[in-house]
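# Working through the structure, step by step
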Amino acid sequence: MDVLSGAWDWLADGANWAGENGVWHRLAEHVYVSGVALAIACALALPVGLWLGHLGKGGALAVNISNVGRAIPVFAVLALFMVSPLRGWGNVPTIVALVLFALPPLLTNAYVGMREVDRSVVEAARGMGMSGGQLFLRVELPLARALVMTGVRSAAVQVIATATIAAMVGQGGLGRIITAGFNTYNTAQVFAGALLVALLALVVEGALVAADRLLPRRPAPADR
Amino acid sequence: MAGQSCLVANDWICWEYVTSRSRELTDATVEHVWITGISVLIGLIVAVPLALLARRGRRWAAPVLGLTTLLYTIPSLAMFSLLLPLFGLSASLVVTGLVLYSLTILVRNVLAGLEAVPEDVREAARGMGYGPRRLLWQVEMPLALPSVLAGIRIATVSTIALTTIGSIVGKGGLGNLIAPAVSSSFKAQVLTASVLCVLLALAADLLLLGVERLLTPWTRATRAPRRAGRVAGRAADRAADPARAGAAVASGASGASGASGKGA
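By convention here, each chain's residues receive numbers from 1 onward along its written sequence. Each chain is given a letter, starting from A, and each ligand a number, starting from 1, according to the order in which they appear as written. In keeping with the predicted nature of the model, local features appear solely for residues at pLDDT of at least 70, side-chain atom pairs appear and are counted solely at 80 or more, and the whole-chain, interface and lining totals rest on all residues. Side-chain calculation: all heavy atoms of the structure are included, whereas hydrogens and water are not.

## Focus: the overall build of chain B
Basically, it comes down to this: A run of DSSP states H or I qualifies as a helix once it reaches four residues; a run of E qualifies as a strand once it reaches two. Both are numbered from the N-terminal end. Three labels apply to residues, based on accessible area from a 1.4 Å probe with only protein chains included: buried if under 20% of the type maximum, exposed if over 50%, partly exposed otherwise in between. Any two residues whose heavy atoms approach within 4.5 Å are treated as being in contact. For the area figures, the Shrake-Rupley method with a 1.4 Å probe applies, and any residue is considered shielded solely by the protein chains shown.
A count of helical and extended segments in chain B gives 13 helices and zero strands. The helix and strand sequence of chain B, counted from the amino end, reads α-α-α-α-α-α-α-α-α-α-α-α-α. Burial status across chain B gives 49% buried among its 264 residues. Within chain B, counting contacts between residues at least 6 apart in sequence, those at least 24 apart form 72% of the total. Entry remark: accessible area of chain B is about 12400 Å², with carbon and sulfur atoms responsible for 64%.

Below, the structure written as structure tokens:
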């Protein structure tokens, strides 16, 4: 396939890696934007989700918010931001959109993780005289870890994917290599860019799975 | 309507835009609907054999589920671009990409539905002389229906949202209206197309919910055990005579509906 060899040639050419439109700069933009967005989303969603799960309230909210999130096209939201005054604010439109789309998996998994902690364990801890705070930190949080981490992982993958779409509305990131290739009818470049984006997503997913395995595991319920 | 029109003023909400471009909007919506419909349909046709394969044991389940999950990780823009050498700038490119995405959800839900069929129901059917094929289509599939339909609902809603990305190759339904409007800052067009897209997803969700209720009336009757036998009997008629053992069907149905919740 000449497209494959073309993509390989494109990737092998050092000139394509340097400069403002080069791979390194686009990759840095992609990682920066994704990292900031994921950090903000975690800071917002995890406390709320865990707290609601601890209280056992707002279950319908946690479920519905992920259903709504699924129905709203990322591209449409980015497009709306780009025709609003947010346009002039550099990376802000992308970051806001990424945060919005990372919130549902984080919230839902944090909530569900807390709720799925065995009720009898919680009762036993209460019976031993643990306060609400102790119960939260020493019992519920360690037991909910697996599901919360699953939420963080799917949010991270979602963020990486969404940051690619930002290129379609003229924002930075690796997706720009793809859109630039489309604009110049350079199929080899489109393919090379797509390979890079797919690779980044898979590497991030793999790294998070590995990180989750490496973290010290307390006696938690069996993974599903 | 005194002064300048909302098209000139570039307002967010502009009824004049909707009326003057209604043809364009309808065409884009129709394209959106058929791309989504075909994708989910093909996805379902591919997902059922894959789920049956995955059911054969761990040796098959791990690669099938692993591969479909892996596909879901690939960002949509990259997916459509990777398919470019194979399909060129065509609707089949977008449909193929969407089919691959829908597989993740559909295979999982079909599998969950089939696995939730209680063993004693299978035993009973086999004892009544059902062969493997008849067992699958007349007993297991009807019982797996709630989980399968839940999967179709999720897949359809997310496919409607993903179709917009198809505008990168000019086949994105309503996305085709959004893309050029961003570069020209045409607020009314971006907002109208976006709202239509969300409304489309909402309508599809409600429609499929209705279909779900119509096809699986027994899932709502599980809380009234006394009527379960009768309702299951009716469901049995509708689902082409799955198993004449009414009680077994009722218990199987409640198991499958439990699985559909998890599948979602």
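## What to know about the interface of chain A and chain B
We apply this condition: Joining two parts hides part of their accessible area as seen by a 1.4 Å probe, and the buried area is that hidden amount summed over both. Salt bridges are counted wherever a side-chain nitrogen of Lys or Arg sits within 4 Å of a carboxyl oxygen of Asp or Glu. We define a polar contact as two N or O atoms separated by no more than 3.5 Å, with the added condition that, inside protein, one atom must be a possible hydrogen donor and the other a possible acceptor, whereas residues neighbouring each other in sequence contribute only through side-chain atom pairs. Asp, Glu, Lys and Arg are counted as charged, while Ala, Val, Leu, Ile, Met, Phe, Trp, Tyr, Cys and Pro are counted as nonpolar; the rest, among them Gly, fall into the polar class.
Contacts between chain A and chain B engage 35 residues on the former and 37 residues on the latter. Taking both partners together, chain A and chain B bury about 3000 Å²; carbon and sulfur atoms supply 84% of that area. Contact with chain B buries surface across chain A, with Arg70, Val83 and Phe182 of chain A losing the most and accounting together for 21% of the total. Viewed at the interface, chain B and chain A are joined by zero salt bridges. One can count zero residue pairs in polar contact (both at pLDDT 80 or more) joining chain A with chain B. Elements supplying a minimum of two residues to the side of chain A that touches chain B: helix H3 (59–71), helix H4 (74–82), helix H7 (132–165), helix H8 (175–183) and helix H9 (187–214) of chain A. The greatest single-element share of the side of chain A that touches chain B, amounting to ten residues, is contributed by H9 of chain A. By residue class, the composition of the side of chain A that touches chain B is 26 nonpolar, five polar and four charged.

## Structural notes on the pattern of salt bridges
Tallying each qualifying case throughout the model produces eight salt bridges over all chains. Note that arginine 26 of chain A and glutamate 29 of chain A form a salt bridge whose closest N and O atoms lie 2.9 Å from each other. With arginine 26 of chain A and glutamate 29 of chain A both in helix H2 (residues 23–55), this residue pair falls three residues apart, about one helical turn. By relative accessible area, which is 18% here, glutamate 29 of chain A ends up buried. Arginine 55 of chain B serves as the salt-bridge partner of glutamate 140 of chain B, at 3.0 Å between the closest nitrogen and oxygen. Of the two residues, glutamate 140 of chain B sits in helix H9 (residues 132–163) while arginine 55 of chain B sits in the loop between helix H3 (22–54) and helix H4 (58–73), which places them 85 residues apart along the sequence. Ionic contacts of the salt-bridge type, sharing partners, join the residues Arg55, Glu119, Arg122, Glu123, Arg126 and Glu140 of chain B into one network.

## Observations concerning H4 of chain B
This is how the line gets drawn: In this scheme, a helix's expected span is set at 1.5 Å multiplied by one less than its residue total.
Look at H4 of chain B: 22 Å from first C-alpha to last across 16 residues, which is about the 22 Å you get at 1.5 Å a residue. On its buried face, H4 of chain B is in contact with H7 and H9 of chain A together with H3, helix H5 (76–82) and helix H7 (91–115) of chain B.

## Regarding the side chain of threonine 159 of chain B
All names here are of chain B. Structurally, threonine 159 is set in helix H9. Taking the relative accessible area as the measure of exposure, threonine 159 reaches 3% and is therefore buried. A distance of 2.5 Å separates the side chain of threonine 159 from the backbone oxygen of alanine 155, its partner in a polar contact. Those residues within four positions of threonine 159 in sequence are excluded, and the remaining contacts are Thr36, Ser39, Val40 and Leu98.

## A short note on the layout of surface pockets
Applicable threshold: Residues are said to line a cavity or pocket when one of their atoms sits within 4 Å of a point; the points come from a 1 Å grid over protein atoms alone, cavities being sets where a 1.4 Å probe fits but cannot get out and pockets being open sets with protein on both sides within 12 Å along at least five of seven lines. Grid points are joined across faces, edges and corners, and a volume is the space filled by probe spheres set on the points.
Here the second largest pocket defines a volume of roughly 550 Å³. Elements that contribute at least two residues to the lining of the second largest pocket include exactly H8 and H9 of chain A together with helix H10 (175–183) of chain B. No other element matches H8 of chain A, which puts six residues into the lining of the second largest pocket. In the lining of the second largest pocket, the residues fall into 14 nonpolar, eight polar and two charged.

## Quick notes on the packing of H8 of chain A against H9 of chain A
Residue and element names in this part refer to chain A. Rules: Where helices are involved, their axes are fitted lines through C-alpha atoms of the stretch in contact, as for all axes, and angles between N-to-C directions lie from 0 to 180°. The scheme is simple: roughly parallel for angles under 35 degrees, roughly antiparallel for over 145, roughly perpendicular for 65 to 115, oblique for anything else. By definition, any crossing whose near helix is turned counterclockwise from its far helix by less than a right angle is left-handed, and any crossing with a clockwise turn is right-handed.
Where H8 meets H9, the axes come as close as 8 Å, and the angle between the chain directions of the two elements is 165°. Taken together, the axes of H8 and H9 are roughly antiparallel relative to one another. For the crossing formed where H8 meets H9, the hand is left-handed. Note on element contacts: H9 touches H8 through Gln189, Val190, Gly193, Ala194, Leu196 and Val197, opposite Gly175, Ile177, Ile178, Ala180, Gly181 and Phe182. In terms of residue class, the contact of H8 with H9 is built from eight nonpolar, four polar and no charged.

## Re the side chain of threonine 162 of chain A
All names here are of chain A. The residue threonine 162 is located in helix H7 in this model. Since its relative accessible area comes to 3%, threonine 162 is described here as buried. Ignoring anything within four residues of it in the chain, the contact list for threonine 162 reads Val74, Leu78 and Leu98.

## Comments concerning empty space enclosed by the protein
It is a probe the size of a water molecule, rolled over the atoms, that shows where empty space is left. Residues and elements named next belong to chain A. Enumeration according to the criterion identifies four cavities of 30 Å³ or more in this entry. Of the voids in this model, the largest cavity is the one considered here, and its volume is about 50 Å³. Forming the walls of the largest cavity are Glu29, His30, Val33, Asn91, Thr94, Ala163, Ala166, Gly172 and Gly173. If you tally residues by element for the lining of the largest cavity, the top one is H2, at three residues.

## A few points about unusual backbone geometry
At tyrosine 185 of chain A, a residue that is not glycine, the phi angle is positive and equals roughly 55°. Here tyrosine 185 of chain A lies in the loop between H8 and H9. Notably, serine 185 of chain B is not glycine yet its phi reads approximately 55°, a positive angle. Of note, serine 185 of chain B is situated in the loop between H10 and helix H11 (187–215).

## Some thoughts on a nonpolar patch on the surface
To keep things clear, this is the line we draw: The patches described consist of residues with a relative accessible area above 30% and no salt bridge, like charges being joined within 9 Å and nonpolar side chains (Val, Leu, Ile, Met, Phe, Trp, Tyr) within 5 Å.
A contiguous nonpolar patch, built from Val30, Trp34, Ile38, Leu41, Ile42, Ile45 and Val46 of chain B and spanning about 620 Å² of accessible area, is present on the exposed surface. Mapped onto the fold, leucine 41 of chain B is located in helix H3.

## Looking at the confidence of the model for chain B
Caution is warranted with low-pLDDT regions, since their predicted coordinates should not be read in detail. For the record, the criterion: A residue's pLDDT is the confidence the predictor assigns to it, expressed on a 0 to 100 scale.
Summarising the model, chain B shows a mean pLDDT of 79, and 82% of its residues fall at 70 or more. Low confidence marks residues 224–264 of chain B, where pLDDT is under 50. Its contacts with residues over four positions away, or in another chain, come to 49 contacts.

## Details of H4 of chain A
The buried fraction of H4 of chain A is high, at eight of nine residues. The set of residues buried in H4 of chain A consists of Val74, Phe75, Ala76, Val77, Leu78, Ala79, Phe81 and Met82 of chain A. For H4 of chain A, the secondary structure elements touched by its buried residues are helix H5 (92–115) and H7 of chain A together with H10 and H11 of chain B.

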